[in-house]
Amino acid sequence: MATDVTVPDWIQRIVDDERTRDAARQRAEEITARKADLVRVHGRRLIEELRTSVKRDIEAFRSAFAGDHARDIAFSDAPSDGGFVVRKPDAPGVCLTVAWPLNAAAGSCHYQFTPANGLPPREDRLDLVFADEGVATLQIRHHGTGQLFATADALSEFLLVPVFTGRPR
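This structure is a prediction, so every number in the text was calculated from the model and none was measured.

Caption draft 1: Quick look at the nonpolar core. Among the nonpolar cores identified, the biggest contains 32 residues, and V86, L96, Y111, F130, L155, L159 and V163 are the most heavily contacted of them. For this core, the element with the highest residue contribution is helix α1 (residues 9-64), accounting for eight residues. With near-sequence residues (within four places) excluded, V163 lies in contact with I73, V86, K88, V94, L96 and Y111.

If you want it as structure tokens, here you go:
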């Protein structure tokens, strides 16, 4: 004996809402999985391109001031976290530490500015994330401002200006 159950309208609205939420959750999971694949495939290459650009830009700056020890800037790899460190030791001193763990979707940058006048150091931090703008490539975005860096050269400029000048943004 089959009986037809009439579903009240309010229950049908809830069922429809839940199906819409399920579909949105599924789309979000697919986007997250696609981005994780892009990070795994392209992320390390982007960080290597950034490292290469930063090294090149440091050398260009140093060569413009050959013999000026106040503008000596040192680059060193930080292999434990996949990042690097840039130091300008003379006052005003600056240390930039970029940490980007292997296959991570985000990295952090830490500036420490040591003023020439004996005041305590000033620290600035910013987070960078890989951004998938709906295309099959990754870019890097400043998490705080939303600024998008399409190339390693653009990000190198953004990161190094405070180091070269000794002044925070």
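Caption draft 2: Highlighting α1. Where α1 bends most, at H42, the angle is about 50°. What α1 keeps buried is the set L38, V39, G43, L46, I47, L50, R51, S53, V54, D57, I58 and F61. Elements that come into contact with the buried residues of α1 comprise β1 (74-78), β2 (83-88), β5 (122-131), β6 (139-142) and α2 (152-165).

Caption draft 3: Representation of a nonpolar patch on the surface in the model. Residues V7, W10, I11 and I14 make up a contiguous nonpolar surface patch of roughly 360 Å² in combined accessible area. Counting through the fold element by element, I14 comes out in helix α1. Residue classification places I14 among the partly exposed residues on the basis of a relative accessible area of 43%.

What counts as what
Residues numbered from 1 in each chain as written. Predicted model: local features only at pLDDT ≥ 70, side-chain atom pairs only at ≥ 80, totals over all residues. Heavy atoms only, no water. Core = buried A, V, L, I, M, F, W, Y, C linked by side-chain atoms within 4.5 Å. Buried < 20%, exposed > 50% of the residue type's maximum accessible area, 1.4 Å probe, protein only. Helix = DSSP H or I, 4+ residues; strand = E, 2+ residues; numbered from the N terminus. Contact = heavy atoms within 4.5 Å. Bend = angle between axes of the 7 residues up to and from the residue. Patch = residues over 30% accessible without salt bridge, like charges linked within 9 Å, V, L, I, M, F, W, Y side chains within 5 Å. Areas by Shrake-Rupley, 256 points an atom, 1.4 Å probe, with all protein chains shown as cover. Salt bridge = Lys/Arg side-chain N within 4 Å of Asp/Glu carboxyl O.

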